[in-house]
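# A closer look at the structure
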Amino acid sequence: MWRLLLLLCLLAAPAFAEPRYEVVREWPALPEDQSLGLCAGVGVDSQGNVFVFHRNARVWATPFPEEPIPEPTVTVLDGRTGKVLSSWGAGEFIMPHGLTLDHEDNVWLTDVGRQQVFKYTHDGRLLLTLGEREEPGDDQTHFNFPTDVAVLPDGSFYVSDGYHNTRVVKFDAQGHYQFEWGGKGEEPGKFNLPHGIALDSRGRVYVCDRSNARLQVFDPGGKFLAEWKGPQIGRPYGVCVGTNDHIFLVDGGDQIARQPGRSNAVELDPDGRVIATFGSYGEEPGQFRLGHDIAVARDGAVYIADGKGRRVQKFIPVKP
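How each quantity is defined
- Sequence positions are assigned chain by chain, starting from 1 and proceeding in written order.
- For a predicted model such as this one, the threshold for reporting local features is a pLDDT of at least 70, and the threshold for listing and counting side-chain atom pairs is 80 or more; totals across whole chains, interfaces and linings nevertheless cover every residue.
- Values shown for side chains rest on all heavy atoms present in the structure; no hydrogens or waters enter the calculation.
- Helix and strand assignments come from DSSP, with helices taken as H or I runs of at least 4 residues and strands as E runs of at least 2, each series counted from the N terminus.
- Three labels apply to residues, based on accessible area from a 1.4 Å probe with only protein chains included: buried if under 20% of the type maximum, exposed if over 50%, partly exposed otherwise in between.
- In protein, a polar contact requires one atom able to donate a hydrogen and another able to accept it; more generally it is a pair of N or O atoms within 3.5 Å, and residues adjacent in sequence count only if both atoms are side-chain atoms.
- Two strands form a pair only when DSSP identifies at least two bridges running between them.
- Axis definition: a line fitted to C-alpha atoms, over the contacting stretch in the case of helices. Angles run 0 to 180 degrees between N-to-C directions.
- What makes two residues a contact is simply this: any of their non-hydrogen atoms within 4.5 Å.
- We call Phe, Tyr and Trp rings a pair once their centres come within 6.5 Å, taking the six-membered ring for Trp, and we label the pair stacked below 30 degrees between planes, edge-to-face above 60, and tilted otherwise.
- Within this document, salt bridges are pairs made up of a side-chain nitrogen of Lys or Arg and a carboxyl oxygen of Asp or Glu, the two lying within 4 Å of each other.

The next point concerns unusual backbone geometry. Here the residue pair W27 and P28 is connected by a cis peptide bond, since its omega of 5° sits within 30 degrees of zero. As for its placement among the helices and strands, P28 is situated in the loop between β1 (21-23) and β2 (39-44). Its identity as a non-glycine residue notwithstanding, T166 has a phi of 45°, on the positive side. For T166, the position within the fold is in the loop between β11 (157-161) and β12 (167-171). Owing to a relative accessible area of 4%, T166 belongs among the buried residues under this scheme. Non-glycine residue R310 carries a positive phi angle of around 55°. Mapping R310 onto the fold places it in the loop between β25 (302-306) and β26 (311-317). Residue R310 is classed as partly exposed on the basis of its relative accessible area of 39%.

This is how it looks when you write it as structure tokens:
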């Protein structure tokens, strides 16, 4: 009888039980004297280059320091070799958070210390600034700890705003306010720390509702469509969408005083079905102490920014 039960359990095991991604060891290839510090945001451009938004020696403290981080805070890596291609952002940011590459390879950044959202060229020339420096607010021209940006092909964009305002705000391509939705709560369409945001090819908006431990899905106008939650989803910190409209998210765990014991990445299909999970809590290659953001390249490689682990890692699909 026990053999029959074992066979039934094996047959019922989900398809993603076998790993579909493996970590690329010895990536990135940083100089020996370089440390990124807490890696908050990660993104991939159209050429497969990886952008990391990091804090160097800066740590989260209340109140935030007033002076910017003196070292470069944006590091660009060769996606294939992991070698450093360039770096910029020195003396600009107080508390780096979100990073997004748009369809023209512009770089969007959020700084929860400066209370602002920025659009830069690929090589670090400032194009647009939203919000008032170090002035929190909840109106059309202020943010309160903005966390991430998602950009449409026409240049309009959404901002998840964030730790205190618990809303999503839509702007046109020139940065003019259009509309918003959210507010604090547990009901559909409400948030308790919208931490990451991404768009699929149909314009659906995916929001990591971190402290409610769910991923919420909206139409382009902010109408609630679905929520995805459960043990396999965990507590989403970062989200991105692949070229096949598969959704990738990173579960940062509960971050309680004792060892969290959980931190992994998840791949879902457009209907929210789990396709694969990979990674775990820890400090070994392929593990995370605090998965903070995630990005996927056109070739299917997945990059994960580990906050407390102070590193970014690369995963590649395993061939069948």
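So that's the structure; there's more coming.
With that out of the way, let us pick up the side chain of D306. Residue position: D306 is located in strand β25. Judged by its relative accessible area of 0%, D306 is buried.

Now for the environment of R262. Relative to the elements of secondary structure, R262 occurs in the loop between β19 (247-251) and β20 (264-268). Taking the C-alpha atoms as reference points, R262 and P72, separated by 190 residues in sequence, lie 31 Å from one another. Polar contacts involving the side chain of R262 include one to the side chain of D251, which spans 2.5 Å.

This next bit is on the sheet that holds strand β24 (residues 291-296). Strand order across the open sheet formed by four strands is β1-β26-β25-β24, with antiparallel pairing between neighbours. One side of each edge strand has no neighbouring strand; the edge strands of this open sheet are β1 and β24. Ignoring strand direction, the axes of neighbouring strands in this sheet form an average angle of 25°. Alignment of β1 against β26, held across three bridges, turns out to be antiparallel. Its bridge partner being in β26, E22 is matched across the sheet by I316.

For N144, the location among the structural elements is in the loop between β9 (126-130) and β10 (146-151). Overall, N144 belongs to the buried group, its relative accessible area being 16%. In contact with N144, not counting residues within four places along its chain, are Q115, P136, G137, D161, G162, Y163, H164 and N165.

This part takes up the sheet that holds strand β5 (residues 84-88). Across the sheet, four strands lie side by side as β2-β3-β4-β5; this open sheet has antiparallel pairing. The open sheet has two free edges, formed respectively by β2 and β5, since each of these has just one partner strand. Direction aside, neighbouring strands of the sheet carry axes that sit 20° apart on average.

Here the focus is the packing of aromatic side chains. Following the criterion strictly, the structure yields 25 aromatic pairs and no others. Aromatic side chains F64 and F145 sit 5.4 Å apart centroid to centroid with 25° between the ring planes, which places their arrangement in the stacked category. Within this pair, whereas F64 is found in the loop between β3 (50-54) and β4 (74-77), its partner F145 is found in the loop between β9 and β10, the two being separated by 81 residues in sequence. Note on F64: relative accessible area 17%, which makes it buried. Judged by centre distance (6.1 Å) and plane angle (65°), the ring pair of F93 and Y120 falls under edge-to-face. Note that F93 is positioned in the loop between β5 and β6 (96-101) and Y120 in strand β8 (residues 116-120), a separation of 27 residues in sequence.

Let us look at the pairing of β12. Extensive coverage of β12 is indicated by the burial of five of its five residues. Neither face of β12 is left uncovered, since the one carrying R167, V169 and F171 and the one carrying V168 and K170 both have all their residues buried. Taken together, the five bridges between β11 and β12 define a ladder with antiparallel strand orientation. Looking at β12, one finds that S160 is bridged to V168. What sits between the antiparallel neighbours β11 and β12 is a turn of five residues, in which T166 has the positive phi angle 45°.

Here the focus is the pattern of salt bridges. When the charged atoms of two side chains with opposite charge come close together, those side chains can pair. Summed over the entire model, instances satisfying the criterion amount to 16 salt bridges. For the salt bridge of R214 with E227, the shortest nitrogen-to-oxygen distance reads 2.7 Å. Of this pair, R214 sits in strand β16 (residues 214-218) while E227 sits in strand β17 (residues 224-228); the two residues are 13 residues apart in sequence, bridging distant segments of the chain. Notably, a salt bridge pairs D254 with R235, separated by 3.1 Å at the nearest N-O pair. You can see D254 sitting in the loop between β19 and β20 and its partner R235 sitting in the loop between β17 and β18 (236-241), a full 19 residues away along the chain. Connected through shared salt-bridge partners, R235, D251, D254 and R262 make up one network.

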